Amino acid sequence: MTKKADKKTVLIIGGGFAGLTLAKQLPPKYFDIILIDKNNYHQFLPLIYQVATCGLESSAISFPFRRNFQSQKNFRFRIAEAKQILPEENAIDTTVGKIEYDYLVIAAGTQTNFFGMKNIETQAFAMKTVPEALALRNTILCNIEKALNLPNPEDRKKYLNIVIAGAGATGVEIAGALAEMKRYIFPKDYPELDLDELQIYLVEASNKTLAVMSEKSSHVSQKYLEKMGVNILLNTSVTDYTDDTVFFNDGTSLPSKTFIWTTGVKAVSLEGLPKETVQARGRIAVNEFNQVQGFKNIFAIGDICVQANQDKRFPNGHPQVAQVAIQQAKYLAKNLTKIEHSKEAKPFSYINKGSLATIGRNKAVADFPFMHMTGFWAWFVWAVIHLLSIVGVKNKLQVMLDWTQKYWSYDDSLRLIMKAKYPNR
């Protein structure tokens, strides 16, 4: 793929919140856009746990890139992964060949951080992609089906114990969703199974749930989960997972064939940048304009970058959340336009709009700069914000209908075990 002569080419690596927003915001009059991603769709990660717990179809939180940009003649897309950045050539080497650029924007996001624990990396369930969520959904349902056919309670334990490592937003939300399934759905689906045997464990290395949120939100979320029957193990870290057994730092263990890892992320690694630009957890160091250190036409936005010491409120860099990615993308779109007109770029300034987490039906916590909310109204605000943020009108309607039906019926119809089968070729 070569550059076009009449416009500057902006090559974007990654179609997450940052990459997608930038591609939408760049004016077609001045830029030709090339977007590459390993998937052909944008996935709305904040709701991925609902796919894993039968609450939403995967298509409801996924939207094809090509459909999103059908009317933009300045847009090109390729399913590809970046192999190496070639700054001296103004190009990158990808799995589909070399692609040239005038401006390169790295928005590849993050991947699950297993902290070097190989057994966990190969055997645990991560929660970063739609395929991972579907695999987890299949496993949860299959394990319950298998447990029905085991007469010995000890043999059933590993099928009915669900262990979640990490009590951040994802861990708390999936624990709450599973607890609601145990209370409202599984008794109707599996009347012959003693559901007291189905146990949900939430394991956290720190001394509280939702550690990055306020003390009030942390306290309330823990109370909600405990009341819903979730076993919370604080000040406990996972040391290994092997032979269907989760091992902890205090020497104890739990049998489980459903071990979910939500405890950390690290930036997607890319070859070709100087080592000094790569900071803790692989994040790329950028200046206040999101320029990668040492380069004028290479930028990084979203979770993959860090603006250390650029904002006194966040001396170690901004939080790796969607709002930061979206705001950086909008800033960069404006700054690239200013650069094209030989105008001075504007430094990025993050506006913290707050944090939200939902635990279950009418149970959520919200930290806003001006107030804290819990309970029904926090849950309502969470639902509205997430609904408005989903890409595509059809997807919004589908999610709203699914949520409405589930809210009033205490049930859903998505408990399908779907396994793909491919021909041998």
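As a reminder, the structure under discussion sits directly above these lines.
Let me sum up the structure you'll find in this document. (Residues numbered from 1 in each chain as written. Predicted model: local features only at pLDDT ≥ 70, side-chain atom pairs only at ≥ 80, totals over all residues. Heavy atoms only, no water.)

### Comments concerning the packing of helix 1 (residues 17-25) against helix 9 (residues 322-340)
Formally: Axes here mean lines fitted to C-alpha atoms, for a helix over just the part in contact, with angles spanning 0 to 180 degrees between N-to-C directions. Numbering of helices and strands runs from the N terminus, with a helix taken as a DSSP run of H or I at least four residues long and a strand as a DSSP run of E at least two residues long. Angle categories: roughly parallel below 35 degrees, roughly antiparallel above 145, roughly perpendicular from 65 to 115, and oblique for all the rest. By the definition used in this description, the sense in which the near helix is turned from the far one sets the handedness, with an anticlockwise turn below a right angle giving left-handed and a clockwise turn giving right-handed. Working rule for contacts: check all heavy atoms of both residues, and any pair within 4.5 Å makes them a contact. Nonpolar residues are Ala, Val, Leu, Ile, Met, Phe, Trp, Tyr, Cys and Pro. Charged residues are Asp, Glu, Lys and Arg, and all others, Gly as well, are polar.
It is at 8 Å that the axes of helix 1 and helix 9 come closest, and there the two elements cross at 30°. Compared by their axis directions, helix 1 and helix 9 come out roughly parallel. Relative to helix 9, helix 1 is oriented so that their crossing is right-handed. Residues Phe17, Ala18, Thr21, Leu22 and Gln25 of helix 1 lie in contact with helix 9, whose contacting residues are Ala322, Ala325, Ile326, Ala329, Lys330, Leu332 and Ala333. Grouping the constituent residues of the contact of helix 1 with helix 9 by class yields nine nonpolar, two polar and one charged.

### Points about the packing of helix 10 (residues 376-389) against helix 11 (residues 393-409)
Contact pair helix 10 / helix 11: the axes reach a minimum separation of 9 Å and the direction vectors enclose 155°. As the angle between them shows, helix 10 and helix 11 are arranged roughly antiparallel. Seen from above, helix 10 lies across helix 11 with right-handed handedness. Along the contact surface, helix 10 presents Phe376, Trp379, Trp382, Ala383, His386, Leu387, Leu388 and Ser389, while helix 11 presents Lys396, Val399, Met400, Trp403 and Tyr407. When its residues are assigned to classes, the contact of helix 10 with helix 11 shows 10 nonpolar, two polar and one charged.

### Regarding the nonpolar core
Stated formally: Here, nonpolar core means buried Ala, Val, Leu, Ile, Met, Phe, Trp, Tyr and Cys residues that are tied together by side-chain atoms lying within 4.5 Å of each other. Burial here depends on accessible area, computed with a 1.4 Å probe over protein chains only, as a share of the maximum for the residue type. Under 20% is buried, over 50% is exposed, and the range in between is partly exposed.
The biggest cluster of nonpolar side chains holds 94 residues, and the ones touching the most others in it are Ile12, Leu22, Leu47, Ile164, Ile174 and Leu178. If you tally residues by element for this core, the top one is helix 7 (residues 169-189), at nine residues. Not counting residues up to four positions away in its chain, the partners in contact with isoleucine 12 are Gly19, Leu22, Ala23, Ile33, Ile34, Leu35, Ile36, Val105 and Ala107. Of all hydrophobic cores here, the second largest spans 23 residues; its members include Ile13, Ile36, Ala82 and Ile92.

### Let's talk about the packing of aromatic side chains
Given two aromatic rings, one states the distance between the centres and the angle between the planes to describe the pair. For the record, the criterion: Two aromatic rings, drawn from Phe, Tyr or Trp (for Trp, its six-membered ring), form a pair once their centres lie within 6.5 Å of each other, and the interplanar angle then sorts them: stacked below 30 degrees, edge-to-face above 60, tilted otherwise.
Applying the stated criterion across every chain yields a total of 20 aromatic pairs. Considering the side-chain rings of phenylalanine 376 and tryptophan 379, the 5.8 Å spacing of their centres and the 35° angle between planes classify their relative orientation as tilted. Pair noted here: phenylalanine 376 and tryptophan 379 are both in helix 10, with a separation of three residues, about one helical turn. Taking relative accessible area as the criterion, phenylalanine 376 reaches 35% and is therefore assigned partly exposed.

### Thoughts on unusual backbone geometry
Residues other than glycine seldom take positive phi values, yet serine 342 does so here, at roughly 55°. Note on placement: serine 342 falls in the loop between helix 9 and strand 22 (355-360). A positive phi is found at asparagine 362, a non-glycine position, where the angle reads about 60°. Along the polypeptide, asparagine 362 turns up in the loop between strand 22 and strand 23 (363-368).

### Quick word on the pattern of salt bridges
Applied cut-off: We define a salt bridge as a side-chain nitrogen of Lys or Arg found within 4 Å of a carboxyl oxygen belonging to Asp or Glu.
A full pass over the atoms with the stated rule returns 11 salt bridges. Between glutamate 89 and lysine 98 there is a salt bridge; the shortest N-O distance is 2.8 Å. Here glutamate 89 falls in the partly exposed class, since its relative accessible area comes to 42%. In this structure, arginine 415 engages aspartate 189 in a salt bridge whose closest nitrogen and oxygen atoms are separated by 2.5 Å. Here aspartate 189 lies in helix 7 and arginine 415 lies in the segment after helix 11, a separation of 226 residues in the sequence.

### Structural notes on the pairing of strand 1 (residues 8-13)
Cut-off, in case you're wondering: The pairing criterion is simple: DSSP has to find at least two bridges between the two strands. Orient the strands so they point away from the viewer; a crossover is then right-handed if the path from the first strand over the helix to the second runs clockwise.
Taking burial as the measure, the six residues of strand 1 include five buried ones, the bulk of the element. Pairing analysis gives six bridges linking strand 1 to strand 2 (residues 31-37), with the strands arranged parallel. Looking at the pairing, valine 10 lines up with isoleucine 33 of strand 2. Running through helix 1, the crossover from strand 1 to the neighbouring parallel element strand 2 is right-handed. Here strand 1 pairs with strand 9 (residues 103-106) via four bridges, running parallel. Within strand 9, the position partnered with leucine 11 by the bridge is leucine 104.

### A look at helix 1
Of all nine residues that make up helix 1, seven are buried, and the element is covered over most of its length. What helix 1 keeps buried is the set Phe17, Ala18, Gly19, Leu20, Thr21, Leu22 and Ala23.

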